[in-house]
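# Close look at the chain arrangement
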Amino acid sequence: MSRVTRVAVPMIAAAALLGAPAVTATAATASHTAPCPPRIVADWVRAWNGTDPRALGALFTARGVYIDLGVGLAFHGREEISGWKARADRLIDGVHVTVRATRRDSARITVDAVYAGHLKGAPEAFAVPMTTLLDLDGHGRIASDQDHYSLAEVLAQSGLPADWTPPAT
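Conventions adopted
- Residues numbered from 1 in each chain as written.
- Predicted model: local features only at pLDDT ≥ 70, side-chain atom pairs only at ≥ 80, totals over all residues.
- Heavy atoms only, no water.
- Helix = DSSP H or I, 4+ residues; strand = E, 2+ residues; numbered from the N terminus.
- Buried < 20%, exposed > 50% of the residue type's maximum accessible area, 1.4 Å probe, protein only.
- Contact = heavy atoms within 4.5 Å.
- Pairing = 2+ DSSP bridges.
- Axes fitted to C-alpha atoms, helices over the stretch in contact; angles between N-to-C directions.
- Core = buried A, V, L, I, M, F, W, Y, C linked by side-chain atoms within 4.5 Å.
- Expected span 1.5 Å × (residues − 1).

## Structural notes on the overall build of the protein
Along the backbone of the protein there are 6 helices and 6 strands. For the protein, the proportion of its 169 residues judged to be buried stands at 40%. When contacts within the protein are restricted to residue pairs at least 6 apart in sequence, long-range pairs at least 24 apart make up 53% of them.

Listed below in structure tokens is the structure:
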């Protein structure tokens with residue numbers, strides 16, 4: 001990771017948490033940062049921010065894998081991925097993803113974003129930095145999605161204890 005990237009990523013995350021506009025790419029990072037998100041990223045964000053869980057699953061290949069490293073779970077295939085989105089919608093009011101920057105390297109897209117919402121029953125809402133790695137197949141569908149964020153930070157911002165677990169649904 002370049003020095004510019006090591007400096008820019010925390011700045012983007014801090015700006016996102018403070019509600020500031022996204023950090024503009026400098027000449028040193030401009031070649032690595034897309035001026036606007038690729039279409040699959042826009043579709044992915046629209047699916048997460050929407051209310052139809054099947055919209056998220058439809059973006060994946062038939063054998064696509066969604067890995068949520070924050071909670072340590074993996075989902076395989078469109079049906080399981082759609083089910084994960086449906087569960088998130090039941091558990092989190094106003095679940096929302098805001099893209100701050102994207103970077104494409106061949107079939108991999110790195111998305112720097114803010115993951116936000118309000119866990120049902122929690123005293124406060126959360127908005128945490130998230131990095132997502134999307135690996136695409138040759139047809140532009142998502143073969144693999146890895147979400148990286150801190151569950152501890154989600155719980156802390158939400159005012160919940162570190163050992164909190166969601167209710168069975």
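## Side note on unusual backbone geometry
In this model, serine 106 sits at a positive phi of 60°, which is unusual for a non-glycine residue. Mapping serine 106 onto the fold places it in the loop between strand S3 (92–105) and strand S4 (108–119). Look at serine 106 and you get exposed, because its relative accessible area is 64%.

## Comments concerning the sheet that holds strand S6 (residues 142–148)
Across the sheet, which stays open at both edges, the 6 strands sit in the order S2-S1-S6-S5-S4-S3 with mixed pairing between neighbours. Among the strands making up the open sheet, the edge pair consists of strand S2 (73–76) and S3. Going across the sheet, the axis of each strand differs from the next one's by a mean of 20°, ignoring polarity. Here S3 runs beside S4; their pairing, made up of 11 bridges, is antiparallel. From the neighbouring strand, valine 99 faces S4, where its bridge partner is alanine 113.

## Structural notes on the nonpolar core
Of all hydrophobic cores here, the largest spans 34 residues; its most connected members are Trp44, Trp48, Leu56, Tyr66, Tyr115 and Leu119. Elements supplying a minimum of two residues to this core: helix H3 (39–49), strand S1 (60–68), helix H5 (77–91), S3, S4, strand S5 (126–136) and helix H6 (151–158). It is H3 that provides the largest number of residues to this core, a total of 6 residues. With residues up to four places along the chain from it excluded, the contact list for tyrosine 66 reads Trp44, Trp48, Leu56, Phe60, Leu73, Ala74, Phe75, Ile81, Trp84, Asp145 and Asp147.

## Some points on the pairing of S5
Two elements, S4 and S5, share 10 bridges in a ladder whose sense is antiparallel. Directly across from glycine 117, in S5, lies its bridge partner phenylalanine 126. The antiparallel hairpin formed by S4 and S5 contains 6 residues in its connecting segment, where glycine 121 sits at a positive phi of about 90°. Linking S5 back to S6 in an antiparallel pair, the connection comprises 5 residues, with glycine 140 at a positive phi of about 85°.

## Section: H5
An ideal rise of 1.5 Å per residue puts 21 Å on 15 residues; H5 measures up with 21 Å between its terminal C-alpha atoms. All buried positions along H5 are accounted for by Gly77, Ile81, Ser82, Trp84, Lys85, Ala86, Ala88 and Leu91. Against the buried residues of H5 lie H3, helix H4 (53–57), S1, S2, S3 and S4.

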